[in-house]
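# Chain and residue survey
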Amino acid sequence: MHSANHWGGSLEIANNGDSTAEEYDRSRNLDWDKASINHQQQQQYNNYDQYSHRHNLDETQQSWLLGPPEKKKKKHVDLGCIVCSRKAFKYTIYGIIIAFLVIALPTIIAKTLPKHKTRPSPPDNYTIALHKALLFFNAQKSGKLPKSNGIPWRGDSGLKDGSKLTDVKGGLIGGYYDAGDNTKFHFPMSFAMTMLSWSVIEYEHKYRAIGEYDHVTDLIKWGTDYLLRTFNSTATKIDKIYSQVGGSLNNSRTPDDHYCWQRPEDMTYERPVQTANSGPDLAGEMAAALAAASIVFRDNTQYSRKLVKGAETLFAFARDFGKRTSYCRGNPYIEPFYNSTNYFDEFMWGSAWLYYATGNKTYISLATNPGLSKNSKAFFMIPDLSVLSWDNKLPAAMLLLTRMRIFLNPGYPYEEMLSSYHNVTSLTMCSYLQRYQVFNFTKGGLIQLNHGRGQSLQYVANAAFLASLFVDYMNATGVPGWNCGPTYISLDVLRRFATSQMNYILGDNPLKMSYVVGYGNKFPRHVHHRGASIPSGKTKYSCTGGWKWRDTSNPNPHNITGAMVGGPDKFDRFKDARKNFSYTEPTLAGNAGLVAALVSLTSSGGYGVDKNTIFSAVPPLYPMSPPPPPPWKP
């Protein structure tokens, strides 16, 4: 019989109906283990060897009939060093695949897609104004300007200043012009540098956050480099300070900084140098400026030491009992413009900064000396003495010393005076609040710290800075308010005062006028400023030839960006007229206060002050035990 072969060809099987065939069929029905079928079949075929030539099947044929042996499923998987169940292995593989799809795949896709940087939050108004306010100092620079100065209508000027001095190598080149004229007044210039340095020490993190740290420190160094030239900064004892370059005499018709209306680049008239052979006020302020700057430049060890040495030399000159006449006394080039009314406030101010710069206890002992507070009238509670200005450093000095009490708590022997300074500082903050009626306010909300006289905004900016700084000091110690008499005042109230005054300056006023040039859409266009009011170019105008630019009703050809002008009157009125300097003239000292207030209020870079940097040179303070009481006598 032929049977079909599924693998090709035919398969022949003999079937003669004999017992052998039956035996074979019966063997097919036995329930044998197929794994031993080869062995058993071989036995059968051996018993019937007479038919072996017909019935012995080779292995290939057996496989055709019986099929492949059935493999038994393994329940475990051998991974070499680990044996696990097949089910667990299967779930593990599935888990890896799912994890890849859920976690790895989205990550890979995200990394391959084009990246879009998240936009930082837009700067607040104070930051925008601060960028501009700092540029004013670039516009006021005297000397050979760096290419990076950034004011295209300004150039090198004053390159012959002090050239006739025999004891100053290179003359008195550099520094800053004070205002809309071309005079370099060293007293307010020093105050401006102290204020800028103070703001950097307290708010370095904010300056860095808005990209202005290098700029502001360059501005400070431009000023301190110049101040170091105005006296013998390599000596330990000096007998004079050069106190001013340029200037004018009232009602003079001689070509000078007031009679002439010329760009600084075009000056040809004589610029006399004023010398102070005594000057506790000037020397005290200059010492404060250099000491504060030495903390700013603490990482530049060589320069910082140079500043400290100069500050100590200046302060020794200031404290010389035989040189206690004001630097401006009887000098017609200075007294009508920057007359100093006291010098004990500079003693307190300068000694406080020198203590922070050096850690020398001699300076803190002087700053907390009862005689100093008495002579400076620190505790007399005179409203005008709570107003910070280039002439009166008293409220700033007391706040600076209050800082020491708040953060260091030095105890005896300083606690009594520091506590008194703290109390007066608290009352100064109370005086700024309208509810106490210490100062008048305009209907538009501007505090009148100088009794309605001109150039009001510089005092307002300074007060806003002190108030904001006081709030930050208190917040840093977790104190939510302070007392004005029996009334507890929340710090939020004082912060609102500071912001309201700055907002007024920036345009939140009845005229909707920004008093910072270049900020907002409406700002003064006829600023009292020689350099900004005269077109730059090849044409040089003579002393009186520039008058036509002074007198024209046309706007200035250059905006002096960032300049805070004098400001409105006590009725919120403002006259944008070049000749009306009380309204439209900016000043170096005024803009320094503006910068300090703006950086204290901006939210860029976070809130709060740098508590510790100012104390870097101060040694650990361990309160001394007070002296024992005198022995009891019956």
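The numbering scheme is per chain: residues are counted from 1 as the chain's sequence reads. It should be noted that, the model being predicted, local features are given only for residues of pLDDT at least 70 and side-chain atom pairs only at 80 or more, the latter also being counted only at that level, while totals for whole chains, interfaces and linings use all residues. Side-chain calculation: all heavy atoms of the structure are included, whereas hydrogens and water are not.

Going by an unreviewed UniProt entry, the protein carries the name Endoglucanase and comes from Nicotiana tabacum. UniProt positions are given in the numbering used here, feature names are shortened, and annotations may be inferred rather than shown by experiment. For the protein, the Catalytic activity (unreviewed entry) comment in UniProt is given as "Endohydrolysis of (1->4)-beta-D-glucosidic linkages in cellulose, lichenin and cereal beta-D-glucans." Its UniProt record gives the protein a comment under Sequence similarities (unreviewed entry), which states: "Belongs to the glycosyl hydrolase 9 (cellulase E) family."

### Section: empty space enclosed by the protein
The rolling of a water-molecule-sized probe over the atoms marks out the regions of remaining empty space. Here a cavity means grid points, on a 1 Å grid over the protein atoms only, where a 1.4 Å probe fits yet cannot get out; a pocket means an open set of points with protein on both sides within 12 Å along at least five of seven lines; lining residues are those with an atom within 4 Å of a point. Grid points are joined across faces, edges and corners, and a volume is the space filled by probe spheres set on the points. Taken as a whole, this structure holds three cavities of 30 Å³ or more when the rule is applied. Its boundaries defined by the atoms lining it, the largest cavity holds a volume of some 40 Å³. Along the walls of the largest cavity sit Ala-139, Gln-140, Arg-154, Tyr-177, Ala-179, Gly-180, Asp-181, Asn-182, Pro-264, His-529 and Gly-531, which together make up its complete lining. Ten residue types, Ala, Val, Leu, Ile, Met, Phe, Trp, Tyr, Cys and Pro, are classed as nonpolar, four, Asp, Glu, Lys and Arg, as charged, and the remainder, Gly among them, as polar. Its residues assigned to classes, the lining of the largest cavity comprises four nonpolar, five polar and two charged.

### Regarding the packing of aromatic side chains
By convention, a stacked pair of Phe, Tyr or Trp rings (six-membered ring in the case of Trp) has centres within 6.5 Å and planes under 30 degrees apart, an edge-to-face pair has planes over 60 apart, and any other such pair is tilted. Scanning the entire structure with this criterion turns up 29 aromatic pairs. Where Phe-315 meets Tyr-363, the ring centres are 6.0 Å apart and the plane angle is 70 degrees; that geometry is what we call edge-to-face. Note that Phe-315 is positioned in helix 10 (residues 301–319) and Tyr-363 in helix 12 (residues 361–367), a separation of 48 residues in sequence. Burial status follows relative accessibility: with a 1.4 Å probe on protein chains alone, a residue under 20% of its type maximum counts as buried, one over 50% as exposed, and anything between as partly exposed. Judged by relative accessible area, Tyr-363 falls into the buried class, the value being 11%. Judged by centre distance (4.8 Å) and plane angle (75 degrees), the rings of Tyr-338 and Trp-390 are edge-to-face. Taken as a pair, Tyr-338 in the loop between helix 10 and helix 11 (344–358) and Trp-390 in the loop between helix 13 (370–375) and helix 14 (394–408) lie far apart in primary sequence, 52 residues in all. Secondary structure elements follow DSSP: runs of H or I no shorter than four residues count as helices, runs of E no shorter than two count as strands, and numbering proceeds from the N terminus.

### Focus: the side chain of Lys-323
Inspection of the secondary structure assignment puts Lys-323 in the loop between helix 10 and helix 11. Charge counting treats Lys and Arg as positive and Asp and Glu as negative, with His and both chain ends excluded. The rule for a salt bridge is simple: a side-chain nitrogen of Lys or Arg has to be within 4 Å of a carboxyl oxygen of Asp or Glu. Buried and unpaired, Lys-323 has no salt bridge, with Asp-320 as the nearest side chain of opposite charge at 4.8 Å. Between N or O atoms, a polar contact is any pair within 3.5 Å; within protein, one atom must be a potential hydrogen donor and the other a potential acceptor, and residues adjacent in sequence are included only when both atoms are from side chains. A polar contact is formed between the side chain of Lys-323 and the backbone oxygen of Asn-277, at a distance of 3.5 Å. The residues touching Lys-323, leaving out its near neighbours within four places in the chain, are Asp-239, Asn-277, Ser-278, Gly-279, Pro-280 and Phe-317. In this analysis, two residues are considered to be in contact whenever any of their non-hydrogen atoms come within 4.5 Å of each other.

### Here's the deal with the side chain of Asn-149
With respect to the secondary-structure elements, Asn-149 resides in the loop between helix 6 (125–139) and strand 5 (184–185). Within the structure, the side chain of Asn-149 is placed 3.4 Å from the side chain of Lys-141, a separation counted as a polar contact. The residues contacting Asn-149, other than those within four sequence positions of it, are Asn-138 and Lys-141.

### Some words on helix 8 (residues 213–227)
Given 3.6 residues per helical turn, the α-helix brings residues three or four places apart onto the same face. Take the number of residues in a helix, subtract one, and multiply by 1.5 Å to get its expected span. The end-to-end C-alpha separation of helix 8 is 21 Å, in line with the 21 Å expected for 15 residues at 1.5 Å each. Most of helix 8 is tucked away: 11 of the 15 residues are buried. Listed as buried for helix 8 are Tyr-213, His-215, Val-216, Thr-217, Leu-219, Ile-220, Trp-222, Gly-223, Thr-224, Tyr-226 and Leu-227.

### Quick notes on the nonpolar core
Here, nonpolar core means buried Ala, Val, Leu, Ile, Met, Phe, Trp, Tyr and Cys residues that are tied together by side-chain atoms lying within 4.5 Å of each other. Of all hydrophobic cores here, the largest spans 166 residues; its most connected members are Trp-198, Trp-353, Tyr-356 and Trp-482. At 14 residues, the largest contribution of residues to this core is made by helix 16 (residues 457–476). Counting six residues, the second largest nonpolar core, distinct from the first, contains Tyr-177, Tyr-259, Cys-260 and Cys-543.

### Here's the deal with the pattern of salt bridges
Taken as a whole and assessed by the stated rule, the structure comprises 20 salt bridges. A salt bridge links Lys-221 to Asp-225; the shortest N-O distance between them is 3.0 Å. Of this pair, Lys-221 and Asp-225 both sit in helix 8, separated by four residues, roughly a single helical turn. Here Glu-415 makes a salt bridge to Arg-405, at a shortest N to O gap of 2.8 Å. Residue Glu-415 is located in helix 15 (residues 415–431), and its partner Arg-405 is located in helix 14; the two are separated by 10 residues in the primary sequence. By relative accessible area, which is 23% here, Glu-415 ends up partly exposed.

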